[in-house]
Amino acid sequence: MFDQSSIVVGLEIGTSKICAVVGELQPQGVLRILGLGQSKSNGVRKGEIVDMEQAELDIRRAVQEAEQMANVEVRSVYLAVTGGHIRGFNNCGLHIIQDPEVGVTEEDVKEVMRNARCMNLPAQEEVIHTVRQHFQVDGRGEVREPLGMSGQRLEVAVHVITGQLLRLQNSIRAVRSVHLNVEEIVFSGLASALAVLSAEEKQEGALVMDIGGGTTDYAVFAGGILRLGGVLAVGGDHLTNDLVCALKVSQSRAEQLKVDYGAAFVEDRIRGQTLDLTNDLGMPIRTVSLETLRRVMHLRLEETFELVRTHVEEAGLYDLIRAGVVLCGGCARIPQVTALAEEVFDLPVKVGRAQGINMLNPALDQPEFLTGIGLLRFAQQHRMRPVRRGFMHGLAERLRFLIQRG
Amino acid sequence: MERNSGRDGTKTAPEPVVSAVARLIAVGTAGGRLLEDWAGRTGSDVSGLWLLPPWDTLPVTGSPGLACVQVRGSWKAGWSVAGDPDRARAVAEEEFGRLVDLCRGTEWVVMVAGLGGGAGSGMTPVLARAAHEAGARALGVVVTPFHWEGAVRQRQAQMALEELRGACDGLVCLPNQKFLPLLPPRTPLVEVYQQVNRALVLGLESFWDALTQRGLIPLPWEHLCALLRGRHAESVWVTAEAEGEDRLARVTARFQEHPLLENGQAMLAATSVLVHITAGPDLAAAEADELVRVVQESAPRAEVVVGATLRAGWSGRIRVMLLVTRRGQGRLTGWTGTSETVPRGRGSEPGVPETGGAEMACQPECGEGDERGLAATCGDALKESRHMRRVGRVRYQQGMLPLEVARSGRFEKTPPNIHRGEDLDVPTYLRRGIVLE
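Residues numbered from 1 in each chain as written. Chains lettered and ligands numbered in written order. Predicted model: local features only at pLDDT ≥ 70, side-chain atom pairs only at ≥ 80, totals over all residues. Heavy atoms only, no water.

## Here's the deal with the overall build of chain A
Item 1. The number of helices and strands found in chain A is 11 helices and 19 strands.
Item 2. Burial statistics for chain A: of 406 residues in total, 58% are counted as buried.
Item 3. For chain A, the proportion of contacts with a sequence separation of at least 24, taken over those separated by at least 6, is 68%.
Item 4. Of the roughly 16600 Å² that chain A leaves accessible, carbon and sulfur atoms contribute 47%. (Helix = DSSP H or I, 4+ residues; strand = E, 2+ residues; numbered from the N terminus. Buried < 20%, exposed > 50% of the residue type's maximum accessible area, 1.4 Å probe, protein only. Contact = heavy atoms within 4.5 Å. Areas by Shrake-Rupley, 256 points an atom, 1.4 Å probe, with all protein chains shown as cover.)

Right, here's the structure in full:
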């Protein structure tokens, strides 16, 4: 079966582009990228599909390109999901240990995890990931591995990432309509984090912000585990839209201005400078102020960073981030954006690079492709985790149930 | 420079000196009504001057502590020009020396006026300049007309407002129309004016307290003006009063539904919020703490300044005034963009007055020069436009339309993106009220 082969495919349906990455899992945990296909995305707004037919066309194009490049036939994919409806929260499960004499058994762990996943979700919401944080035996301490410990009561804290079922199903349906199976859905912020963070950074604590075209997905890792995931439905599209409003230019023109002249700061030397807009004959039609352009971008980016910082602070995780902030996604290319993020977060900031990947082509090491690459990383962990088979199996089953309903 | 006020048009001599610090001058009919109401409420301990244009009859029954001053000039035109700000301005300019004398001997001149008519719109800016001439600073408290008063008055009010922004050191502008939702829908017209006046008087009283009472936590004047100043600064105040056990909850509830605060949008966009508490000696620390916390939460980007006055007879009673200012420009400059963000985790300690010290130091000179210059250019532009109006070309000009923020272009058909009460699809600069060049 294809499932057992070492070829995995990640598919990201983004707001500005759709990207399919084909990779090969090699022994010793090395991941090699065989091919990458992308196409411009026209049917997606703010991370969610609004035009099904267009999205299908784009997916097909991206997958075909990846197939040609990798010379494989793609049958199933790991699908990245995003959108403003996705949120993360903490939950906990409780279980009375069966036989205190023997201590915690695997059955107990399974049971407590099942309890943790039973939560009172609003209608139409579905769990995407359940990530366990730590165990407590009789309310004591933070235990990583409770097997064999003796006590009466086993508790587990989990971080749950949920999304709205109908909206998740849209992207699953789009993928299935081009005759591909969805093996797993993965929160795209988690995928990006897996791609860019080294084991050390995950341990020390890091915030990964993937500022894409339509959404900003963020994830906090600390102590080696995912502590927080979230989405703001704000991205590069919003920058463009702000410019459309402020400069009163067309969408495409604003996009071009953003790419050519955008930056995250208003420097003193550009004050009073203007840009000439030309029509298709090259004749100047009007001028816009460069300062205005920069200020609008500065305000939007600053606000986005502030909102994320507030969320992280409210979750009580700010102090756990010691390795700093990693930016990826298309907006990580904006000049000086790291400096602005440094100012807002008061932490070291860098633009993410893929970690531990054998690149087919160094040109693929771009901040935009990190989610796709991270999906392969997720697939790798997903397939090579026999120890936690029980937990992952349950999760997989749950997701399969979800996918089949879709 | 100084002309002597030889001309007499004064019924009562302008002797009631209110306080050495501040003097209250009402301009025109609306301002006078407001001040009369106020004098009636508070008794004779506070008083002010009432500046009238020549075509208004002097009120027969003078209120205690309220002195009427009528400027006459060489006015010979006739009654038909009542309501013309240009005539009022001309008269006031002619009597500029007397206005300067009225403003002499005080540090601050607080001008109360209703814009839209003749006297309020025309004379208030001149009075502001007179105050500067006399070495005092001018603080304007103005109301703009109801929509039903017509486009002409609206336009006159807007033009006067522009002029005042240049001429005053601080400006509080209260649109009458916004008070309307506070009243029951079938309220008679006469009563509407009375009710609105009552609301305004309540605010004025609190404001006056904040200015003159060196109470528990005094507010530095300079700081207040630094908050109110600026070409694009827009301030409103709201007051709420409550008694009893749950007084604080009632006050905060009132603020939440107050139309002037636009469902909290005004607070979100605010750059500074002044909280002034008047209460009895039983004011609990927890209450003050809670109040300031609520304010800071609803205005996360604003600088919150707190003042408090205690009154002996006010046990169980509390009155809170919020002076909400949103500033379009000023402190937001380039690399220091984020320095504008709220200092995180500021407590509600009474040590707030010193927070503005640093920025105060850098504001006055640059602000003053700018605004004088602006007043001049503004004045020229206005003269131009007035000239146009004389010719009669602008007669059918459309009045001010309410500012409708265009909803988020590209994201029009997507689900709204509401995050803590703000629609993130709307450009940030619009939500924060930042004026782009």
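We are not done yet, so read on.
## Remarks on the packing of aromatic side chains
Item 1. Throughout the structure, instances matching the rule amount to five aromatic pairs over all chains.
Item 2. For the ring pair Phe305(A) and Phe345(A), a centre distance of 5.8 Å and an interplane angle of 70° mean the geometry is edge-to-face. Of this pair, Phe305(A) sits in helix α8 (residues 290-314) while Phe345(A) sits in helix α9 (residues 337-345), placing them 40 residues apart in sequence. Just as Phe305(A) is buried, Phe345(A) falls in that class too.
Item 3. Taking the centre distance of 5.4 Å and the plane angle of 90° together, the rings of Phe146(B) and Tyr193(B) count as edge-to-face. Pair noted here: Phe146(B) is in the loop between β5 (137-144) and α5 (151-167) and Tyr193(B) is in helix α6 (residues 189-212), with a separation of 47 residues, a long-range link.
Item 4. Classification of Tyr193(B) by relative accessible area gives partly exposed; the value is 35%.
Item 5. By the ring-pair criterion, three or more aromatic residues cluster together here, those being Phe146(B), Trp148(B) and Tyr193(B).
Item 6. It is Arg309(A) that lies over the ring of Tyr318(A); its NZ or CZ is 4.5 Å from the centre.
Item 7. The ring centre of Trp314(B) lies 3.9 Å from the NZ or CZ of Arg317(B), which sits over that ring. (Phe/Tyr/Trp six-rings, centres within 6.5 Å; stacked < 30°, edge-to-face > 60°. Lys NZ or Arg CZ within 6 Å of the ring centre and 35° of its normal.)

## Some remarks on the interface of chain B and chain A
Item 1. On the side of chain A, 37 residues touch chain B, which itself brings 29 residues to the contact.
Item 2. Buried surface at the junction of chain B and chain A, both sides included, amounts to about 3000 Å², of which 53% is carbon and sulfur.
Item 3. At the surface where chain B touches chain A, the tally comes to two salt bridges.
Item 4. Linking chain B with chain A are nine residue pairs in polar contact (both at pLDDT 80 or more), by the criterion used here.
Item 5. Per-element accounting of the side of chain B that touches chain A gives the leading share, three residues, to helix α13 (residues 428-431) of chain B.
Item 6. Here the side of chain B that touches chain A is built from residues that sort into 10 nonpolar, 11 polar and eight charged. (Buried area = accessible area lost by both parts, 1.4 Å probe. Salt bridge = Lys/Arg side-chain N within 4 Å of Asp/Glu carboxyl O. Polar contact = N/O pair within 3.5 Å; in protein donor to acceptor, adjacent residues only side chain to side chain. Nonpolar A, V, L, I, M, F, W, Y, C, P; charged D, E, K, R; others polar.)

## Description of unusual backbone geometry
All names here are of chain A.
Item 1. Unlike most non-glycine residues, Gln-124 shows phi in positive territory, near 70°.
Item 2. Even without being glycine, Asp-346 reaches a positive phi, approximately 65°.
Item 3. Position of Asp-346 relative to the elements: it lies in the loop between α9 and β18 (349-351).

## A closer look at the packing of helix α3 (residues 96-103) of chain B against helix α4 (residues 118-133) of chain B
Residues and elements named next belong to chain B.
Item 1. The interhelical angle for the contact between α3 and α4, taken along N-to-C directions, is 60°, at an axis separation of 8 Å. One way to sum up the angle between α3 and α4 is to call them oblique. Read as a crossing pair, α3 and α4 show a hand that is right-handed. In this structure, α3 uses Phe-96, Leu-99, Val-100 and Cys-103 to contact α4, whose residues at the interface are Val-126, Leu-127, Arg-129, Ala-130, Ala-131 and Glu-133.
Item 2. Its residues placed into classes, the contact of α3 with α4 shows eight nonpolar, no polar and two charged. (Axes fitted to C-alpha atoms, helices over the stretch in contact; angles between N-to-C directions. Parallel < 35°, antiparallel > 145°, perpendicular 65-115°, else oblique. Left-handed = near helix turned anticlockwise from the far one by under 90°.)

## Focus on the packing of helix α8 (residues 247-256) of chain B against helix α10 (residues 285-298) of chain B
Residues and elements named next belong to chain B.
Item 1. Between α8 and α10, the least distance of the axes is 11 Å, while the angle of their chain directions is 15°. Considering their axes alone, α8 and α10 lie roughly parallel with respect to each other. Considering the relative orientation of α8 and α10, their crossing is right-handed. Of the residues in α10, those touching α8 at Arg-247, Leu-248 and Thr-252 are Glu-287, Glu-290, Leu-291 and Val-294.
Item 2. Grouping the constituent residues of the contact of α8 with α10 by class yields three nonpolar, one polar and three charged.

## Re the sheet that holds strand β2 (residues 17-26) of chain A
All names here are of chain A.
Item 1. The strand order β11-β6-β1-β2-β3-β19 describes an open sheet built from six strands, whose pairing is mixed. For this open sheet the edge positions go to β11 (181-187) and β19 (357-358), each flanked by a neighbour on one side alone.
Item 2. Bridge count between strand β1 (residues 7-13) and strand β6 (residues 76-81): three bridges; the pairing is parallel. Each residue of the ladder has a partner; that of Glu-12, found in β6, is Ala-80.
Item 3. In this fold helix α4 (residues 188-196) packs onto β6 and β11, with an angle of close to 80° to the strand it touches most, β11.
Item 4. Packing of helix α10 (residues 370-383) onto the sheet brings it into contact with β1, β2, β3 (30-40), β6, β11 and β19, and relative to β1 it is tilted by some 135°. (Pairing = 2+ DSSP bridges.)

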